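Chain residues, written in single-letter form:
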Protein chains: 2
Amino acid sequence: MRFGLDIMGGDFAPAATIDGAVAALDEIGAGNGIVLFGPETLIREELRQRGVSEDRFEIVHCPQVIAMEEKPLKALSEKPDSGIATGLRMLAQGQIDAFSSAGNSGALLAGAVTSLKCIPGVLRPCTCTMIPQEDGSYSLLLDIGTTPDAKPEVMVQFAIIGSLYSRYVLGVADPGVGLLNVGTEDGKGNLQCQTVFPLLKACGHIRFTGNMEPRELFKNRADVVVADGFVGNIVLKEIETFYRLIQKRGISDPLFDRLNYEIYGGSPILGVNAPVVLGHGISSPLAIKNMLLQSKKMGEQGLVDALRRLFAA
Amino acid sequence: MRFGLDIMGGDFAPAATIDGAVAALDEIGAGNGIVLFGPETLIREELRQRGVSEDRFEIVHCPQVIAMEEKPLKALSEKPDSGIATGLRMLAQGQIDAFSSAGNSGALLAGAVTSLKCIPGVLRPCTCTMIPQEDGSYSLLLDIGTTPDAKPEVMVQFAIIGSLYSRYVLGVADPGVGLLNVGTEDGKGNLQCQTVFPLLKACGHIRFTGNMEPRELFKNRADVVVADGFVGNIVLKEIETFYRLIQKRGISDPLFDRLNYEIYGGSPILGVNAPVVLGHGISSPLAIKNMLLQSKKMGEQGLVDALRRLFAA
């Protein structure tokens, strides 16, 4: 399989992206390859400086660059030869098997939806992240910002998509799904949660384990934690805030250390017709490497096909 | 002034409530008094055990007790002689000047609204909490759970009520108000935030300082942070979760230590016609003491009158 990477994405590109791509080479697996999307001369020069042979990568020349602050749709239409637009186009055409970028998140998301389209039956895409648990395991939180104001039927789809991600990519045999809420009793919460709760309970594609409160976020209460895109984004950003406060104080701790986003690489965009991973703007080489390896897992484990089969049924 | 306390409220009542009330005696101020609501014999016995003279308190005998898990409205109607029902009734009649309870929060809230009524012009009540800031100051977060699915005009009222609390109770001369959101640019967020933003901007009763992200929660970005009751509750519970994780690890730090709810005492219920403070279920004697002193501040600083004047205008 061939895994694409946007070389110009992220605050520390291209140094961090090239370093991350080089670091991923050893783990990408025999028969697999990494495809670098970006200005050709720049990529060759960066590789030369590191003493890395060009032959170890494929390079797709993309002369245009979408900057972090550009308006997504405008940038995509004006820069068809950017790494993001080109990578997603080649992914849609099956010329690569997954694509990752730590660049303009709005452009990557909008491009993923327009180029790849949502899987038939999927109403809205979503994005997920991993939350380390006190017992050493991980939970999946979704949606973390792609779809705020999610309609109840969309929230149910998040639960289904998250369950499949948990099974296929994380290897959890029978994932439990919790609904993030302000109380644990049935009927608790805002109108959205009150409406979603019975739908999740009735959904045959998931193992629903009920409402869960933020105090259970690190207690392995559920393998998959479902939230509206607005709420999920607030929750994630609050975790990141605490991680930064802890880092600032030089506190080292097994759980807190695992809050480091670099370990996870990026946030998969789910519900579209191919694997796409969105990296953090401040992605380090380690984060870029793990983002590539995450896209590889998504590609190899057949997640998109599994989602297609389920939503076609 | 006379400040009422529900002796039977909280997981550690009556030991913690009596200890807290005794501890508050020295700071309640000359001419002021603490009124204990609960079973008379029990209160007298608890005071006797501590060697505290009964004469230092007023006691209002309340033979009934609303337990933590009871349904609020049912409990209030079936137990008119409980501490919560009696205290709120006497507060409504002006026989006491403020009332606090660490008991059944639903019953206290429902009771506050039915007994005291909302201030004319106030659409829905709200509850607030203090968030310690890295620079040593505090921000006020509201609503923390009383009104989920707040309509845009209700969110604007939260901003106004929070501003007045900040001015009258916390002594901030010209409080800035931020809207908790997933991005800082205008127009960001879910439909609720998108609708509320221009209303806050146009509101003449507050100094609106724009959207703020969770990463700014501890950076003294705003004196008053406005959120929907669902979102605010999730944010607060996540802070409490981190505080517990930090406590569990024995980490001591000037900022993290100030996340301890005991320092603040309780969450004021705002928008009703008299000062009411809701304590944490796990309230310690220190938390009870500070809850009483907080109700005293609310009573003495004329917050309710200021709110009445503003909403009457």
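Residues numbered from 1 in each chain as written. Chains lettered and ligands numbered in written order. Predicted model: local features only at pLDDT ≥ 70, side-chain atom pairs only at ≥ 80, totals over all residues. Heavy atoms only, no water.

### A word on the overall build of chain A
Summing up its helical and strand segments, chain A has 11 helices and 11 strands in all. On C-alpha atoms alone, chain A measures out to a radius of gyration of 19 Å, which is about the 20 Å that the 2.2 N^0.38 rule sets for 313 residues. Classification of the 313 residues of chain A by burial places 60% in the buried group. In chain A, 69% of the contacts between residues at least 6 apart in sequence involve partners at least 24 apart. When the accessible surface of chain A is summed, it comes to about 11,700 Å², and 52% of that surface belongs to carbon and sulfur atoms. Counting 29 positive and 35 negative side-chain charges, chain A places the centres of these two groups 3 Å from one another. (Helix = DSSP H or I, 4+ residues; strand = E, 2+ residues; numbered from the N terminus. Rg over C-alpha atoms; globule rule 2.2 N^0.38 Å. Buried < 20%, exposed > 50% of the residue type's maximum accessible area, 1.4 Å probe, protein only. Contact = heavy atoms within 4.5 Å. Areas by Shrake-Rupley, 256 points an atom, 1.4 Å probe, with all protein chains shown as cover. Lys, Arg positive; Asp, Glu negative; His and termini not counted. Charge placed at Lys NZ, Arg CZ, Asp CG, Glu CD.)

### Remarks on the pairing of strand E4 (residues 98-101) of chain B
Residue and element names in this part refer to chain B. Here E4 shows a buried face lined by Ala 98 and Ser 100 and a second buried face lined by Phe 99 and Ser 101. In terms of strand pairing, strand E1 (residues 2-6) meets E4 through three bridges, oriented parallel. Paired with Leu 5 across the two strands is Ser 100, which belongs to E4. Pairing analysis gives three bridges linking E4 to strand E11 (residues 276-279), with the strands arranged parallel. Pairing of Ser 101 across the sheet is with Leu 278, part of E11. (Pairing = 2+ DSSP bridges.)

### Overview of the interface of chain A and chain B
The interface is formed by 36 residues belonging to chain A together with 36 residues belonging to chain B. At the boundary of chain A with chain B, total buried surface from both sides reaches about 3,300 Å², with 69% on carbon and sulfur atoms. The largest contributions to the chain A side of the interface with chain B come from Phe 230, Glu 238 and Phe 242 of chain A, which together make up 20% of the buried area. Linking Arg 249 of chain A and Asp 253 of chain B is a salt bridge whose minimum nitrogen-to-oxygen distance equals 2.6 Å. Along the contact surface separating chain A from chain B lie 16 residue pairs in polar contact (both at pLDDT 80 or more). Breaking the side of chain A that touches chain B down by element, the ones donating at least two residues are helix H7 (191-202), helix H8 (229-248) and helix H9 (254-257) of chain A. (Buried area = accessible area lost by both parts, 1.4 Å probe. Salt bridge = Lys/Arg side-chain N within 4 Å of Asp/Glu carboxyl O. Polar contact = N/O pair within 3.5 Å; in protein donor to acceptor, adjacent residues only side chain to side chain.)

### Digging into the nonpolar core
Counting residues in each nonpolar core, the largest one holds 168 residues, and the members touching the most others are Leu 36 of chain A together with Leu 36 of chain B. If we skip the residues at most four places from it in the chain, Leu 36 of chain B touches Leu 5, Ile 7, Ile 18, Ala 21, Ile 43, Leu 47, Phe 57, Glu 58, Ile 59 and Val 60 of chain B. (Core = buried A, V, L, I, M, F, W, Y, C linked by side-chain atoms within 4.5 Å.)

### Here we look at the relation of the copies chain A and chain B
What relates the two chain copies is a rotation about an axis together with a slide along it. With an RMSD of 0.0 Å, the operation that places chain A on chain B is a rotation of 180° combined with a shift of 0.0 Å along the axis. As the rotation angle and translation indicate, the two copies are arranged about a two-fold axis. The share of interface residues of chain A whose copies in chain B are also at the interface is 100%, consistent with both copies meeting through the same surface. (Least-squares fit on C-alpha atoms with pLDDT ≥ 70 in both.)

### Regarding the side chain of Gln 133 of chain A
Structurally, Gln 133 of chain A can be placed in the loop between strand E5 (126-132) and strand E6 (138-142). Residue contacts for Gln 133 of chain A: discarding those within four places in its chain leaves Tyr 138, Ser 139, Glu 216, Leu 217, Phe 218, Lys 219, Asn 220, Arg 221, Leu 255 and Arg 258 of chain A.

### A short note on the packing of helix H6 (residues 152-168) of chain A against H7 of chain A
Residues and elements named next belong to chain A. Closest axis-to-axis distance for the H6/H7 pair is 9 Å, and the angle between their directions is 55°. By the angle between their directions, the pair H6 and H7 is classed as oblique. At the point where H6 passes H7, the crossing takes the right-handed sense. Each of Pro 152, Glu 153, Met 155, Val 156 and Ala 159 in H6 lies in contact with H7, whose residues at this interface are Gln 192, Thr 195, Val 196, Leu 199 and Leu 200. (Axes fitted to C-alpha atoms, helices over the stretch in contact; angles between N-to-C directions. Parallel < 35°, antiparallel > 145°, perpendicular 65-115°, else oblique. Left-handed = near helix turned anticlockwise from the far one by under 90°.)

### Focus: the sheet that holds strand E2 (residues 33-38) of chain B
All names here are of chain B. Here 11 strands make up an open sheet; going across it, the order is E3-E2-E1-E4-E11-E10-E5-E6-E9-E7-E8 and the pairing mixed. Lying at the two open borders of the sheet, with one neighbouring strand each, are strand E3 (58-61) and strand E8 (207-212). Neighbour-to-neighbour, the strand axes of the sheet open up by a mean angle of 25°, direction not taken into account. Contacts from helix H6 (residues 152-168) reach strand E5 (126-132), strand E6 (138-142), strand E7 (176-180), strand E9 (224-226) and strand E10 (266-270) within the one sheet, and its direction differs from that of E9 by about 165°.

### Description of the pattern of salt bridges
All names here are of chain B. Applying the stated criterion across every chain, the model contains 39 salt bridges over all chains. Between Glu 58 and Arg 2 there is a salt bridge whose closest N-O contact spans 2.2 Å. Of the two residues, Glu 58 sits in strand E3 while Arg 2 sits in strand E1, which places them 56 residues apart along the sequence. Notably, a salt bridge pairs Glu 45 with Arg 48, separated by 2.7 Å at the nearest N-O pair.

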